[in-house]
Structure formats: structure tokens, C-alpha cells
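What follows is each chain in one-letter form.
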Amino acid sequence: MSRRLIVGLLIVAAFVLLKGAVRATAVEASSYGLTFEIVLLVMDFSVLTLAFELALRRGATHKNALLIAAGVGALVTVLFSCLAVGVFHPRAPELNLTLGRHPDYLTVTLRYLLGFSRNLALWMLAFVYPILAADAERRRAEASELRRQSEIAQLRASLEPHFLLNTFNTIAGLVTKDPDEARRLLACLGALFDDISEHEDEWQTLDREVHWLQRYAEILEARHRGVLTFEWNIDEATRSFKLPRLLLQPLLENAVKHGALRRDGDGRVTVRSRRVRKTGGEDYVVCSIDDNGPGLPPDKVRPGAKGLDIVRRRLNLHLPNSRLTVDSSAQGVHVLVEIPEART
């Protein structure tokens, strides 16, 4: 038995005791009426709790599980009201089922559904809200951890000692041969430092992310001149679209280190973005990163490449309706990120 179910049953017991205590102090309280109200309360809470728990175990979201539980509870209430009018009341009117002298199905059903709505609201406040609050806290903690991992990945990609040493050696070799190029690379390196030192929000525009990636790529192209090239095809209509900060950086890093640089002298990485309208009429922003490396190994994971896992986790957390697909062949790897523009 899960902890959620145990907590739900304890809440049921607490409400039963509270309801009984209030009813017992009422003037001319009927023992039959008190028993019947407790039975309805137990029935509503039990059905809601069990339906909610089963829906979650079958993979439903909290929102869908709540709708399923409310629907099942309302159906059980309607069935019970029909049994009360057609079976219980005619055979045992002394039970005082709060039906009135001349009960009819419609009136009794509406009355019972009103009582069910009250119990549903109490159940949501006492049972569902703590679960949602705990889940929101877990997601915030996971988001913080993922952002930390992303920032660490950025630091490693651009500021690790090996990267800096090679970059400075490249600049030193260009000081006399091509001083303009040396100054340009120093400006790119300074821009990377500035970006890392800033405290930004979790979300940023695609335009800003692409600018950071281009500065990073310029340094790599200079270091691997004649061996590595980048191609950028960014749709202007997608530049203002917001996405999680540095979402694409691990994908670009993988494409360079584990793809393009494994070619013999003609490594190439292509970054694209575009808007796509699906068959159902929904608009998506699609970002792709391609390399012409040797492709993925048979197990679909390149040694040391953790970028795909990080991106999948961030998409599942921030953009659950998005999709990440990876296609590999002997001609290279094609990584596609599809994000709906309407994120509701």
C-alpha cells in the first residue's frame, strides 16, 4: 500500500470523526441519519481516493487522475441515488435516507450530487493539494539541479583549462599572422566569460542562445581551421521563441566532439530552426543539429556523450509536450527538437 493511499485513508477517518461529532451535537439528531451521512462520506472519499490512486498507477497525470476520480465518484453517486429511491427506501423507510416523503429519481440524484460536490471539494483540499504541493516542490528541486548541470556543462565546454590553453595558443599564433582574427577570437572568448558571469533567468530567446553558440563555434572553427565548419540556418520567425536556457548547447557539443571532429578533414555541423504546422493545426518550433560524423555505435550511445540525456530530462520537466528524436546513419547524426508554440 503506497503512502498516498495510507494518507488518504487517514484523512477519510478524520473527516468521519469530525462529521460524527458535529452531527451528534445537533438538536433531534437521528442515529439513522447520522449513520447514513457517515456512510455517504466514507463512500465518496473511498471511491475518490481509490480511483485517483489507480489512475496514477496507470500513468495518468495528476490533472487527468483528478478528472477520472471525479467522474467515477459522480457515477457511483448517481447509481447509489437510484438504489436509494428504488430499493432501499421502499424496503426500509426507517433508515431515513434523507429522501423526503415522496422521493423521485431526479430530485434525489441532484441532492446526492450536491452532497458529492461538497465532499469532492473537501477531499481535494485535504488530499490532492498536499500531493500537488509536494510534486511542485520536487519539480523545482529537479529544475534547480538540471540548471546546475547545464551551467557546469557550459563551463566545461568553454572554460576548462585544456580549452583555454588551446584557444590562447591559437590566438598567439595569429597575433603576427592575422591580428584582426586574433582580436576577434579574444572578443568571442570575452563574450563567453561575460555570459557565464551573468545571472539569467531559466528561459531565454532562441536568438540569444544561437548567438552564444555562434561565439563558441567561432573559437572551435579557428582552432580546427580546415577541419571543422559550421552552417547556420535560423528562421527569423523563430528567434523570439523562448526555450530553457542552454537547451541546445549539449547537443552542439556532442555533434562537434563525437561527430564532426571524427571525420578526416571535412567535419561539418549544421544548426537549423524553423516553424512547422502539424496535421492537427498545431504550430511547432523545430530545432535540428546535424553532424557528418561516423554515426552512433550499435548501442545508440556515443562514449562520454551525456548531452542527449540532459536535454531529454529538461524537455520532460519544462516542455512535456515536446519531442526529441535522434536518427543515425553512416553519414552522421541528425538530432531534432520539436517544441509546441502553445505550451498549455
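These figures come from a predicted structure and were not determined experimentally. (Residues numbered from 1 in each chain as written. Predicted model: local features only at pLDDT ≥ 70, side-chain atom pairs only at ≥ 80, totals over all residues. Heavy atoms only, no water.)

A.B. asks: Would you mind going over the sheet that holds strand 7 (residues 332-340) in detail, with residue names and values included?
C.D. replies: Read from one edge to the other, the open sheet built from 5 strands follows the order 2-4-5-7-6, with strand pairing classed as mixed. The open sheet has two edge strands, strand 2 (228-234) and strand 6 (323-329), and neither has a second partner. Each adjacent strand pair in this sheet contributes to an overall mean axis angle of 15 degrees, direction not counted. Pairing of strand 4 (residues 267-277) with strand 5 (residues 283-291) involves 9 bridges; the strand directions are antiparallel. If you follow Val271 over to strand 5, its bridge partner there is Ile289. Contacting strand 2, strand 4 and strand 5, helix 7 (residues 206-223) runs over the sheet at an angle of about 165 degrees to strand 2. (Pairing = 2+ DSSP bridges. Helix = DSSP H or I, 4+ residues; strand = E, 2+ residues; numbered from the N terminus. Axes fitted to C-alpha atoms, helices over the stretch in contact; angles between N-to-C directions. Contact = heavy atoms within 4.5 Å.)

A.B. asks: I'd like to hear about the packing of aromatic side chains, residue by residue, with values.
C.D. replies: Each pair of aromatic rings is reported with the distance of its centres and the angle of its planes. Per the stated rule, a full pass over the model turns up 2 aromatic pairs. When the ring of Phe230 is compared with that of Trp232, the centres are 6.1 Å apart and the planes differ by 15 degrees; the resulting orientation is stacked. (Phe/Tyr/Trp six-rings, centres within 6.5 Å; stacked < 30°, edge-to-face > 60°.)

A.B. asks: How would you explain helix 8 (residues 249-257) if you had to name every residue and give the values?
C.D. replies: With 8 of 9 residues buried, helix 8 lies mostly within the body of the structure. Turning to helix 8, its buried residues number three or more, namely Gln249, Pro250, Leu251, Leu252, Glu253, Asn254, Ala255 and Val256. (Buried < 20%, exposed > 50% of the residue type's maximum accessible area, 1.4 Å probe, protein only.)

A.B. asks: I'd love a proper account of the pattern of salt bridges, names of residues and values included.
C.D. replies: Across all of its chains, the model carries 16 salt bridges by this definition. Note that Glu181 is salt-bridged to Arg225, the shortest N-O span being 3.3 Å. Placement of Glu181 in helix 6 (residues 179-197) and of Arg225 in the loop between helix 7 and strand 2 is noted, with a sequence separation of 44 residues between them. For Glu181, a relative accessible area of 12% gives the class buried. Between Asp290 and Arg272 there is a salt bridge, with its nearest N and O atoms 2.8 Å apart. Note that Asp290 is positioned in strand 5 and Arg272 in strand 4, a separation of 18 residues in sequence. Judged by its relative accessible area of 30%, Arg272 falls in the partly exposed class. A single network of salt bridges, built from pairs that share partners, joins Glu181, Arg184, Glu218 and Arg225. (Salt bridge = Lys/Arg side-chain N within 4 Å of Asp/Glu carboxyl O.)

Worth remembering: the numbers are spatial, not functional.
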